[in-house]
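Secondary and tertiary structure notes
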Amino acid sequence: MTEFPFENRIWDEAECLSRDELNALQLARLQDCVARAAQVSFYREAFAQAKVTPESIKSLDDVRRLPMTTKDDLRDHYPLGFLAVPRSDIARVHGSSGTTGKPTFVAYTAADLELWANLCARFLVAGGLRPEHVAHVAFGYGLFTGGFGLHYGIERVGASIVPAAAGNTPRHIMLIQDLEPDVLICTPSYALQIAEVAQSMGQDPRELSLQFAHFGGEPWTEDMRVQIEEELGLLAFNNYGLSEVIGPGVSGECAARDGMHIQEDHFIVECLDPESLEPVEDYAFGELVFTAITKEAMPIIRYRTRDIAAIDPCPCECGRNTVRMSRVMGRTDDMLIIRGVNVFPSQIEEALLRAGGTAPHYQIVVERPGALDEVTLRVEMRPETFSDKMSQMQALRDNIDREVMSITGVRVHVELVEPQTLERSPGKAKRVFDNR
Ligand code: DLL
């Protein structure tokens with residue numbers, strides 16, 4: 001038995017359904033979902049083409065007969081062409097930013113918002129949140145689903161909230177010093193920024209009141225978890241979600257911290273080879289595809305997330321029988337192909353943390369000056385290792401180069417930059433600059 005760092009609690013009995021009960025519930029909900037999705041012209045046409053009706057869905061495997069949905073499909077029906085309910089039934093709209101300038105909107109009925117708060121409450125409780133806690137939310141409150149999603153989840157648990165929102169790091173530190181929250185909620189990269197700014201203000205981040213953290217919204221590595229936990233003196237939990245599917249609350253870690261439980265009574269997950277779209281084996285990495293089977297405003301069918309992760313079907317010691325997803329290794333659209341080799345930014349991050357001696361702030365710049373791709377890895381030095389001695393700097397560069405080579409098989413040009421010179425973001429960190 002794994003020793004849990006705190007008492008294991010379950011928020012909702014539905015999290016512990018047996019596999020048979022869960023499958024029966026998923027099938028009934030999938031049939032309903034297909035009936036509701038037929039209100040959306042995109043799906044109505046796609047169902048007709050694939051000859052699918054709600055009655056023709058006889059087993060969970062039939063999900064594979066349904067059409068897929070991509071971000072481009074949502075964009076093509078901008079702003080709200082995927083609504084399955086009248087506009088007057090919409091209680092709230094959120095959006096995810098895209099590279100095209102216009103966001104992709106997602107809509108919620110009052111019942112969807114109720115469900116969403118419950119889903120967030122589930123993973124927060126699984127990861128140690130209790131009614132007596134104070135939670136500091138440093139996610140943006142706005143179209144981004146992070147702030148409001150987590151906010152109402154915390155409220156549902158009955159804990160108290162400091163809705164600090166994103167940006168102005170010294171102010172976050174002041175609020176944490178004065179209001180003494182137990183739990184920090186933000187992106188993992190922003191947690192590091194909070195630790196760094198606290199240090200520069202003469203505040204040891206380990207001395208702050210924070211005991212737990214729930215991080216999500218961007219990929220991070222296990223080494224990064226170790227580093228954040230050391231720097232801030234807390235226990236960090238991973239949670240995952242995306243706006244198109246609901247926002248945060250799709251999955252999250254329990255006290256065992258061995259994968260994120262997917263909330264399968266509301267989302268059917270598939271893990272597919274992104275090229276062939278055939279299912280991959282259990283534990284193998286593939287693209288996650290989700291069907292949101294209970295959402296009213298925008299039931300989404302087989303949404304291609306572009307997130308690469310693996311699925312572990314084993315029941316967990318915490319009592320939940322839901323499948324668990326691994327950390328997201330990267331996104332198919334984040335994956336760099338360097339001289340023919342696939343490289344994910346998370347692999348570079350792992351190499352940097354292994355090499356040590358630098359701050360966890362980096363940029364990957366890819367260029368093609370001639371026929372070949374060239375990668376420059378710009379890494380910030382730590383103030384204490386920032387040294388004028390050429391020989392020490394060279395040794396550090398060589399070390400990083402060796403680790404990157406051993407993890408990715410690709411040689412990079414390492415550029416060490418002065419502390420505090422790479423741009424910070426209060427939300428998701430931008431790591432890759434592909435100038436090819
Ligand atoms: O980031 C929802 C969210 C907010 C989840 C706060 C957790 C906490 P989007 O802005 O639509 O929604 O971005 C979704 O972010 O497809 C992943 O690529 C990435 N992502 C989210 N959580 C994680 C995570 C929110 N824990 C996209 N690990 C997703 C890795 C994550 N990547």
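Residues numbered from 1 in each chain as written. Predicted model: local features only at pLDDT ≥ 70, side-chain atom pairs only at ≥ 80, totals over all residues. Heavy atoms only, no water.

Looking at the site of the ligand
Neighbouring the ligand are 20 residues; Asn238, Asn239, Ser243, Asp307 and Lys428 lie closest to it. Note that a nitrogen atom of the ligand is positioned 3.0 Å from one of the backbone N or O atoms of Gly217. Within the side chain of Asp307, one N or O atom sits 2.6 Å away from an oxygen atom of the ligand. For the shell around the ligand, the secondary structure elements donating two or more residues are helix H5 (145-157) and strand E7 (235-242). Taken together, the residues of the shell around the ligand break down into seven nonpolar, nine polar and four charged. (Near = heavy atom within 4 Å. Polar contact = N/O pair within 3.5 Å; in protein donor to acceptor, adjacent residues only side chain to side chain. Helix = DSSP H or I, 4+ residues; strand = E, 2+ residues; numbered from the N terminus. Nonpolar A, V, L, I, M, F, W, Y, C, P; charged D, E, K, R; others polar.)

A closer look at the domain arrangement of the protein chain
According to the domain assignment, the protein chain consists of domain 1 (1-331) and domain 2 (336-434). Measuring from the centre of the C-alpha atoms in domain 1 to the corresponding centre in domain 2 gives 29 Å. Both faces considered, domain 1 and domain 2 share a buried interface measuring about 1600 Å² in area, 55% of it formed by carbon and sulfur atoms. Of all residues in domain 1, the largest losses of buried area upon contact with domain 2 belong to Glu196, Asp223 and Met329, amounting jointly to 28% of the total for that side. Of the charged contacts in the structure, one is a salt bridge between Glu231 and Arg382, with a shortest N-O distance of 3.4 Å. Along the contact surface separating domain 1 from domain 2 lie 10 residue pairs in polar contact (both at pLDDT 80 or more). Elements supplying a minimum of two residues to the side of domain 1 that touches domain 2: helix H7 (188-200), helix H8 (222-232) and strand E14 (330-331). A per-class count over the side of domain 1 that touches domain 2 returns nine nonpolar, eight polar and five charged. (Domains from an automatic or database assignment. Buried area = accessible area lost by both parts, 1.4 Å probe. Salt bridge = Lys/Arg side-chain N within 4 Å of Asp/Glu carboxyl O.)

Description of helix H2 (residues 41-50)
Taken together, the buried positions of H2 are Phe42, Tyr43, Ala46 and Phe47. Viewed end-on, H2 has its buried residues packed into an arc of 120°, placing them on one side of the element. Opposite its buried face, H2 presents the exposed residues Glu45, Ala48 and Gln49, each directed more than 90 degrees away. Close packing links the buried residues of H2 with helix H1 (19-37) and helix H3 (71-76). Downstream of H2 by a residue or two, Lys51 has a phi angle that is positive, lying close to 55°. (Buried < 20%, exposed > 50% of the residue type's maximum accessible area, 1.4 Å probe, protein only. Arc of directions from axis to C-beta. Contact = heavy atoms within 4.5 Å.)

Structural notes on the packing of helix H4 (residues 110-126) against H5
Where H4 meets H5, the closest approach of the two axes is 7 Å, and the angle between their N-to-C directions is 75°. On the basis of the axis angle, H4 is roughly perpendicular to H5. Here H4 contributes Glu114, Trp116, Ala117, Asn118, Cys120, Ala121, Phe123, Leu124 and Val125 to the contact with H5, which in turn contributes Thr145, Gly149, Leu150, Tyr152, Gly153, Ile154, Arg156 and Val157. Residue classes in the contact of H4 with H5 are distributed as 11 nonpolar, four polar and two charged. (Axes fitted to C-alpha atoms, helices over the stretch in contact; angles between N-to-C directions. Parallel < 35°, antiparallel > 145°, perpendicular 65-115°, else oblique.)

What about the layout of surface pockets?
In this structure, the second largest pocket occupies an estimated 500 Å³ of space. Residue lining of the second largest pocket: 20 residues in total, with Ile268, Val269, Glu270, Cys271 and Asp282 positioned closest to the centre. Taken together, the elements giving at least two residues each to the lining of the second largest pocket come down to H1 and strand E10 (267-272). Broken down by element, the residue count for the lining of the second largest pocket peaks at five residues, all from E10. Each residue belonging to the lining of the second largest pocket can be placed in one class, and the counts come to 11 nonpolar, two polar and seven charged. (1 Å grid on protein atoms, 1.4 Å probe; cavity = no way out; pocket = protein on both sides within 12 Å on 5 of 7 lines; lining within 4 Å. Points joined across faces, edges and corners; volume = space filled by probe spheres on them.)

Re the sheet that holds strand E19 (residues 413-417)
What holds strands together in a sheet is hydrogen bonding between their backbones, with the strands either parallel or antiparallel. Read across the sheet, four strands follow the order E19-E18-E17-E20 without closing on themselves; strand pairing throughout is mixed. Two strands bound the open sheet, and with one partner strand each, they are E19 and strand E20 (432-434). With direction set aside, neighbouring strand axes in the sheet form an average angle of 20°. Here strand E17 (residues 358-367) runs beside strand E18 (residues 374-381); their pairing, made up of seven bridges, is antiparallel. By the bridge assignment, Val365 is partnered in E18 with Thr376. Against the sheet, helix H10 (residues 390-408) engages E17, E18 and E19, with an angle of about 135° to E19. (Pairing = 2+ DSSP bridges.)

Digging into the packing of aromatic side chains
In this structure the tally under the stated criterion is 14 aromatic pairs. For the ring pair Tyr108 and Trp116, a centre distance of 4.8 Å and an interplane angle of 15° mean the geometry is stacked. Like Tyr108, the residue Trp116 is buried in the burial classification. In textbook terms, an aromatic cluster arises when at least three aromatic residues are bridged by ring pairs, as seen for Phe42, Tyr43, Phe47 and Phe82. The ring of Phe237 has Arg257 sitting right over it, with the charged end atom 5.5 Å from the ring centre. (Phe/Tyr/Trp six-rings, centres within 6.5 Å; stacked < 30°, edge-to-face > 60°. Lys NZ or Arg CZ within 6 Å of the ring centre and 35° of its normal.)

Side note on the pattern of salt bridges
Counted under the stated rule, the structure contains 30 salt bridges. One salt bridge in this structure joins Glu264 and Arg19, with 2.9 Å as the shortest N-O distance. Of the two residues, Glu264 sits in the loop between strand E9 (260-262) and E10 while Arg19 sits in helix H1, which places them 245 residues apart along the sequence. Asp258 serves as the salt-bridge partner of Arg324, at 3.8 Å between the closest nitrogen and oxygen. Note that Arg324 is positioned in strand E13 (residues 324-325) and Asp258 in the loop between strand E8 (247-253) and E9, a separation of 66 residues in sequence.

Section: the side chain of Ser96
In this structure, Ser96 sits in strand E1 (residues 92-96). Within the local environment of Ser96, its side chain forms a polar contact with the side chain of Glu244, the two groups lying 3.4 Å apart. Discounting chain neighbours no more than four positions away, the residues touching Ser96 are Lys71, Pro103, Thr104, Ser243 and Glu244.

Some points on the environment of Thr2
Looking at the secondary structure, you find Thr2 in the segment before H1. Sequence separation between Thr2 and Ala256 is 254 residues; the distance between their C-alpha atoms is 7.0 Å.

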